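An overview of the molecular structure
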Amino acid sequence: MDSFEYHRPSTQKQASLLLTSSPRAHVVSGNTDLLGEMKQGLVHPESLVSLADVEGMKVFHINGNESKLGSMVTLSDIVDSKYLKVNFPALVEAAASVATPQIRSIGTLGGNLCQRPRCWYYRSPLFDCLKKGGNKCFAVGGLDKYHSIIGGEKCWIVHPSDIAVALTALDAKVKIFGPSGYKNMKIDDFFVGPGIDIHNENVLKEGEFVSSIEISCDDKSSSTFLKFKERQSMDFALASAAVSISLAEGKIHRAGVALGGIAPIPWRLQEIEEYMMGIPIDDLRCSDEFSAKVESSLGDAKPMSENNAYKIDLAISHLKRALDKVIQDLC
Ligand SMILES: Cc1cc2nc3c(=O)[nH]c(=O)nc-3n(C[C@H](O)[C@H](O)[C@H](O)COP(=O)(O)OP(=O)(O)OC[C@H]3O[C@@H](n4cnc5c(N)ncnc54)[C@H](O)[C@@H]3O)c2cc1C
Ligand code: SF4
């Protein structure tokens with residue numbers, strides 16, 4: 001590993017300034033992902049800017065139905081929160097499904113959302129693939145069992161973050177701090193696929209970092225996150241599904257549905273969400289039309305080969321189970 005400077009600023013402004021001082025400055029939170037990248041020689045930081053001492057980054061603030069989670073909140077903090085368990089079960093279930101207790105106690109919310117892909121060609125220093133500035137995607141015609149079945153274009157990674165899938169279904173907002181201060185955006189606008197930017201998985205620019213996440217809950221709502229992994233001890237998702245539904249007078253007035261492990265970004269199923277709006281929750285339970293829509297919701301999927309085609313059935317079966325669970329909770 002090359003030598004590097006290590007900074008521990010105490011304000012977001014200082015952190016942003018330090019990040020703009022060198023094109024090879026990297027923001028670091030729990031370092032459970034970045035350290036691996038450094039050891040594998042995938043990144044060569046000139047300086048690391050730690051958010052550990054930055055004021056206000058570990059906040060967990062509840063104001064009425066609105067919650068704000070600082071990006072330095074750890075995944076264990078999320079798992080242990082009784083408030084989140086009651087109001088945002090999908091987020092807690094996603095956090096609990098990540099890695100091991102040791103990694104969850106250090107890994108942070110911001111770091112989880114901004115972790116780099118797990119494509120084995122990307123992670124190996126032996127393959128100079130398109131994402132790393134090379135001229136070839138080695139997954140095409142290569143080992144593609146874990147790669148995307150939809151939304152891949154030139155690069156076929158799947159987004160590795162389970163939390164991102166849950167937060168997409170929960171319609172979270174991302175608050176970014178950078179050289180021009182704060183900006184807020186919907187979580188859907190935060191992640192970008194390879195068709196827009198093949199080198200990065202989000203819209204962060206030089207000097208910017210995730211400051212916090214905001215989520216809001218409704219009086220009558222339920223959510224869940226289900227994940228399938230190859231190894232039961234700890235593993236990334238082969239496929240996952242997150243569903244969040246809110247009711248007003250027995251009818252659905254907000255629906256969030258997202259799939260993970262199948263695309264370079266958390267995959268929102270907007271058609272399913274729109275179909276559910278305004279429908280009495282009881283009617284949804286026995287609607288053949290709705291079942292057919294769910295069954296065909298990955299109709300546009302194009303697996304890379306027969307090796308990753310299994311992900312269509314896996315994702316749909318998890319989606320059905322997640323929908324059933326949330327609908328049952330609310331009936
Ligand atoms: C063995 C293992 C198994 C895992 N299994 C899973 C899993 O099943 N599901 C899952 O979702 N994840 C999994 N992970 C990933 C793990 O969740 C992440 O490593 C962790 O959440 C990253 O958090 P961190 O704070 O340590 O990030 P860091 O390692 O500090 O940073 C990760 C990346 O994000 C950037 N970054 C950090 N904080 C910010 C910020 N606030 N704003 C902008 N950029 C930032 C860094 O520059 C770096 O590129 C696993 C990791 C390991 C090592
Ligand atoms: S899927 Fe993306 S990261 Fe993996 S080899 Fe292809 S270009 Fe590289």
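Above this text sits the structure in question.
These notes cover the structure that comes with them. (Residues numbered from 1 in each chain as written. Chains lettered and ligands numbered in written order. Predicted model: local features only at pLDDT ≥ 70, side-chain atom pairs only at ≥ 80, totals over all residues. Heavy atoms only, no water.)

**Let's talk about the overall build of the chain**
Quick reminder of the rule: Put simply, DSSP marks the helices as runs of H or I at least four residues long and the strands as runs of E at least two long, and each gets a number from the N terminus on. The globule rule used for comparison is 2.2 Å times the number of residues to the exponent 0.38, while the radius of gyration itself is calculated over C-alpha atoms. Exposed residues in this analysis have more than 50% of their type's maximum accessible area, buried residues have under 20%, and partly exposed residues fall in between, with area computed by a 1.4 Å probe over protein chains only. By definition, residues are in contact when any of their heavy atoms lie within 4.5 Å.
Of regular secondary structure, the chain possesses 14 helices and twelve strands. Computed over the C-alpha atoms, the radius of gyration of the chain is 20 Å, within 12% of the 20 Å expected from 2.2 N^0.38 for a compact globule of 331 residues. Expressed along its principal axes, the backbone C-alpha trace of the chain runs to roughly 60 × 50 × 35 Å. Out of the 331 residues in the chain, the part that is buried amounts to 52%. Long-range pairs, those at least 24 residues apart, make up 65% of the contacts in the chain with a sequence separation of at least 6.

**A closer look at the state of the cysteines**
Short version of the rule: Working definition: a disulfide is two cysteine sulfur atoms within 2.5 Å of each other.
Under the definition given, this model contains zero disulfides. A disulfide-free cysteine, Cys331 has its sulfur positioned 9.0 Å from the sulfur of Cys286, the nearest such atom. Take Cys331: its relative accessible area is 39%, and that puts it in the partly exposed class.

**Some remarks on the side chain of Ser297**
Structurally, the position occupied by Ser297 is in the loop between α13 (288–295) and α14 (310–330). For Ser297, the residues in contact, after removing those within four places along its chain, are Leu269, Ile272, Ile316 and Leu319.

**Let's talk about the site of ligand 1**
Where we set the bar: By convention in these notes, a residue is near a molecule or strand provided one of its non-hydrogen atoms lies within 4 Å of it. Within 3.5 Å is the distance limit for a polar contact, defined as a pair of N or O atoms, with the added protein rule that one can donate a hydrogen and the other accept it, and that residues adjacent in sequence qualify only through two side-chain atoms. For accessible areas, the Shrake-Rupley method is used with a probe of radius 1.4 Å. Any residue's cover is judged against the shown protein chains and nothing else. Here the nonpolar group is Ala, Val, Leu, Ile, Met, Phe, Trp, Tyr, Cys and Pro; Asp, Glu, Lys and Arg are the charged ones; every other residue, Gly included, is treated as polar.
Taken together, 32 residues are adjacent to ligand 1, and Val27, Ser29, Thr32, Thr108 and Asp162 come closest. The backbone of Gly30 places a nitrogen or oxygen atom 2.8 Å from an oxygen atom of ligand 1. Taking Thr32, its side chain carries an N or O atom lying 2.6 Å from an oxygen atom of ligand 1. Protein contact buries 92% of the 960 Å² of open area that ligand 1 shows by itself. Every element with two or more residues in the shell around ligand 1 is listed here: β2 (25–28), α7 (109–114) and β8 (209–216). Of all the elements, α7 adds the most residues to the shell around ligand 1, at four residues. Looking at the shell around ligand 1 residue by residue, the classes come out as 15 nonpolar, 13 polar and four charged.

**What to know about the environment of Ala164**
Among the structural elements, Ala164 can be located in helix α9 (residues 162–169). Looking at Ala164, the relative accessible area reads 0%, which means it is buried. When neighbours within four sequence positions are excluded, Ala164 is seen to be in contact with Asn112, Leu113, His159, Ile187, Phe191 and Pro266.

**Some words on the nonpolar core**
How we decide: Buried residues of nine kinds, namely Ala, Val, Leu, Ile, Met, Phe, Trp, Tyr and Cys, make up a nonpolar core once their side-chain atoms join them within 4.5 Å.
Within the largest apolar cluster, 37 residues are counted, with the highest numbers of intra-cluster contacts made by Ile78, Leu91, Ile163, Leu167, Val174 and Ile213. Contributing elements (two or more residues each) for this core: α3 (75–80), α5 (89–96), α7, α9, β6 (173–178), α10 (187–190) and β8. Broken down by element, this core gets its largest block of residues, six residues, from α9. When sequence neighbours within four positions are dropped, the list of residues in contact with Ile163 reads Leu75, Leu91, Ala94, Ala95, Leu109, Asn112 and Leu113. Listed in part, the 35 residues of the second largest apolar core include Leu238, Ile262, Leu269 and Ala322.

**What to know about the packing of aromatic side chains**
Applied cut-off: Under the pairing criterion, centres of Phe, Tyr and Trp rings, with the six-membered ring standing for Trp, must be within 6.5 Å; the plane angle then separates stacked pairs below 30 degrees from edge-to-face pairs above 60, leaving the rest tilted. As a reminder, the over-ring test applies to NZ of lysine and CZ of arginine, requiring each to be within 6 Å of the ring centre and within 35 degrees of the ring normal.
Scanning all chains against the criterion turns up nine aromatic pairs. Between Tyr121 and Phe127, the aromatic rings sit 5.0 Å apart at their centres with planes inclined by 85°, giving edge-to-face as the arrangement. A residue is classified by how much of its surface remains accessible, and Phe127, at 26% relative accessible area, is partly exposed. Put simply, the rings of Tyr121, Phe127 and Phe138 touch in pairs and so form one group of aromatic residues. Above the plane of the ring of Tyr182 lies Lys175, whose end atom (NZ or CZ) is 4.8 Å from the centre.

**Quick notes on the pairing of strand β11 (residues 251–260)**
Definition in use: Think of it this way: DSSP has to see at least two bridges between two strands before they count as a pair.
Among the ten residues of β11, eight are classified as buried, and the element is accordingly described as predominantly covered. Of the strand pairs in this sheet, strand β10 (residues 239–248) and β11 are connected by nine bridges, and their pairing is antiparallel. From the neighbouring strand, Ala242 faces β11, where its bridge partner is Ala258. Counting the residues in the hairpin turn of β10 and β11 gives two residues, including Glu249, whose phi is positive at 50°.

**Here we look at the site of ligand 2**
Taken together, 13 residues lie near ligand 2, and Cys119, Cys129, Cys137, Cys155 and Trp156 sit nearest. Here the residues of the shell around ligand 2 sort into eleven nonpolar, one polar and one charged.

**Quick look at the environment of His7**
Structurally, His7 can be placed in strand β1 (residues 5–7). Using a relative accessible area of 22% as the deciding quantity, one classes His7 as partly exposed. Sequence spacing of His7 and Val203 is 196 residues, and the spatial spacing of their C-alpha atoms is 24 Å. Non-local contacts of His7, meaning those with residues more than four positions away in its chain, are made with Leu18, Ser47, Leu48, Val49 and Ser50. Side chain to side chain, His7 and Glu5 meet in a polar contact 3.0 Å long.

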